[in-house]
Amino acid sequence: MSLLIIGILGTLIGSFLNATAMRLVRRETWRGRSYCRTCNHLLYWYELIPLLSFVWLRGSCRHCHGRIGWRYPTTELATAVIFILTWFFSSSALGIRNIFFVSILFLLVLTDWEAGVLPDVITLPAIVAVGAINVFLAFSWISFTITALVGALFFAGQYWFSRKKWVGSGDIRLGALIGFMVVQLPALLLALMVSYIVGAVVALIGIATGRLKWHSRVPFAPFMAFGTWIILIFGDHLLTYVVG
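Parameters and conventions
Residues numbered from 1 in each chain as written. Predicted model: local features only at pLDDT ≥ 70, side-chain atom pairs only at ≥ 80, totals over all residues. Heavy atoms only, no water. Core = buried A, V, L, I, M, F, W, Y, C linked by side-chain atoms within 4.5 Å. Buried < 20%, exposed > 50% of the residue type's maximum accessible area, 1.4 Å probe, protein only. Helix = DSSP H or I, 4+ residues; strand = E, 2+ residues; numbered from the N terminus. Axes fitted to C-alpha atoms, helices over the stretch in contact; angles between N-to-C directions. Parallel < 35°, antiparallel > 145°, perpendicular 65-115°, else oblique. Left-handed = near helix turned anticlockwise from the far one by under 90°. Contact = heavy atoms within 4.5 Å. Nonpolar A, V, L, I, M, F, W, Y, C, P; charged D, E, K, R; others polar. Phe/Tyr/Trp six-rings, centres within 6.5 Å; stacked < 30°, edge-to-face > 60°. Salt bridge = Lys/Arg side-chain N within 4 Å of Asp/Glu carboxyl O. Expected span 1.5 Å × (residues − 1).

### Overview of the nonpolar core
Okay, so step 1: Within the largest apolar cluster, 47 residues are counted, with the highest numbers of intra-cluster contacts made by Ile104, Leu174 and Leu177.
Okay, so step 2: Secondary-structure elements contributing two or more residues to this core are helix 1 (3-25), helix 4 (95-115), helix 5 (120-136), helix 6 (141-161), helix 7 (169-182), helix 8 (185-208) and helix 9 (221-243).
Okay, so step 3: Among the elements that take part in this core, helix 9 stands out by supplying 10 residues, more than any other.

Given below as structure tokens:
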């Protein structure tokens with residue numbers, strides 16, 4: 001499949017994920033047409049073309065001239081880039097699977113970033129869907145079930161030990177979901193290691209630049225998603241290098 005097609009698909013999916021995340025955190029229905037967040041005017045299809053509409057409208061609503069946030073084109077462009085990289089570095093047999101997995105992770109990143117929530121309405125159906133896909137692809141159900149349990153218990157332990165201060169209950173389900181995605185226990189451990197290292201580096205940079213304080217709460221789903229994404233596309237090479 002052409003990388004251009006993958007990129008276009010990425011912008012479309014990115015636009016959908018962005019709208020879905022915003023409706024989830026605002027507890028709005030998934031149905032119904034999109035509308036301007038400033039004047040509530042219903043938007044037409046040509047006002048919703050990923051990236052192009054933002055440029056054509058010059059970043060403002062055609063009706064009330066309210067500013068359209070940079071979140072929209074940024075999310076659409078980021079999804080396109082992630083899709084292209086995922087498809088390019090994935091094996092032909094796992095490309096579509098990995099793009100689907102990445103879409104789920106990116107949706108959770110958006111909800112966690114905006115409202116600090118990982119909705120069960122996403123994670124629980126995703127766990128079922130990912131498990132079904134793994135069974136269809138003939139992965140060992142024993143392997144990914146054990147890995148999912150370890151992922152869930154890892155965050156459940158932190159949840160209990162810190163009395164809900166370090167992680168939330170949604171992170172427990174996210175840990176299980178990631179375990180289902182990476183299938184193997186060594187891959188999960190590597191994903192966690194990458195996530196915590198990247199998270200620590202970002203936090204230290206934030207503290208050094210004054211953007212964060214030592215007790216600031218930082219959404220962790222973006223780092224978990226990044227670590228999982230790295231394992232999905234480079235996992236075999238990294239495991240060979242680390243484990244031998």
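### Focus on the packing of helix 3 (residues 71-89) against helix 4
Geometrically, a packed helix pair is captured by the angle between its two axes and the distance between the axes.
Okay, so step 1: The geometry of helix 3 relative to helix 4 is characterised by a closest axis approach of 10 Å and an angle of 150 degrees between their N-to-C directions. In terms of axis orientation, helix 3 runs roughly antiparallel to helix 4. Here helix 3 runs over helix 4; the crossing is right-handed. Across the interface between the two elements, Arg71, Thr75, Ala78, Thr79, Ile82, Phe83, Thr86 and Trp87 from helix 3 touch Gly95, Ile96, Asn98, Ile99, Val102, Ser103, Phe106, Leu110 and Glu114 from helix 4.
Okay, so step 2: Grouping the constituent residues of the contact of helix 3 with helix 4 by class yields nine nonpolar, six polar and two charged.

### Concerning the packing of aromatic side chains
Okay, so step 1: In the structure shown here, the tally under the stated rule is 14 aromatic pairs.
Okay, so step 2: Between Tyr46 and Trp56, the ring centres sit 6.0 Å apart and the planes meet at 75 degrees, which makes this aromatic pair edge-to-face. Taken together, the residues span a long stretch of sequence, with Tyr46 in the loop between helix 1 and helix 2 (52-56) and Trp56 in helix 2 at a distance of 10 residues.
Okay, so step 3: Take Trp56: its relative accessible area is 48%, and that puts it in the partly exposed class.
Okay, so step 4: Three or more aromatic residues link up through ring pairs in this structure, and these residues are Phe154, Phe155, Tyr196, Phe220 and Phe223.

### With respect to the pattern of salt bridges
Okay, so step 1: This structure, assessed with the given rule, holds four salt bridges.
Okay, so step 2: A salt bridge links Glu114 to Arg71, with the nearest nitrogen and oxygen atoms 2.4 Å apart. Remark: Arg71 occurs in helix 3 and Glu114 occurs in helix 4; sequence separation between them is 43 residues.
Okay, so step 3: On the basis of relative accessible area, Arg71 is assigned to the partly exposed category, the value being 27%.

### Notes on the environment of Leu94
Okay, so step 1: Here Leu94 lies in the loop between helix 3 and helix 4.
Okay, so step 2: For Leu94, a relative accessible area of 22% gives the class partly exposed.
Okay, so step 3: For the pair Leu94 and Ile233, spaced 139 residues apart in sequence, the C-alpha separation works out to 9.2 Å.
Okay, so step 4: The residues contacting Leu94, other than those within four sequence positions of it, are Leu137 and Phe139.

### A few points about helix 7
Okay, so step 1: Relative to the 20 Å expected for 14 residues at 1.5 Å per residue, helix 7 spans 21 Å between its end C-alpha atoms, a close match to the ideal helical length.
Okay, so step 2: Within helix 7, 12 of the 14 residues are buried, leaving the element largely enclosed by the surrounding structure.
Okay, so step 3: Taken residue by residue, helix 7 has Gly170, Asp171, Ile172, Leu174, Gly175, Ala176, Leu177, Ile178, Gly179, Phe180, Met181 and Val182 as its buried positions.
Okay, so step 4: Residue Val183 follows helix 7 closely and has a positive phi angle near 75 degrees.

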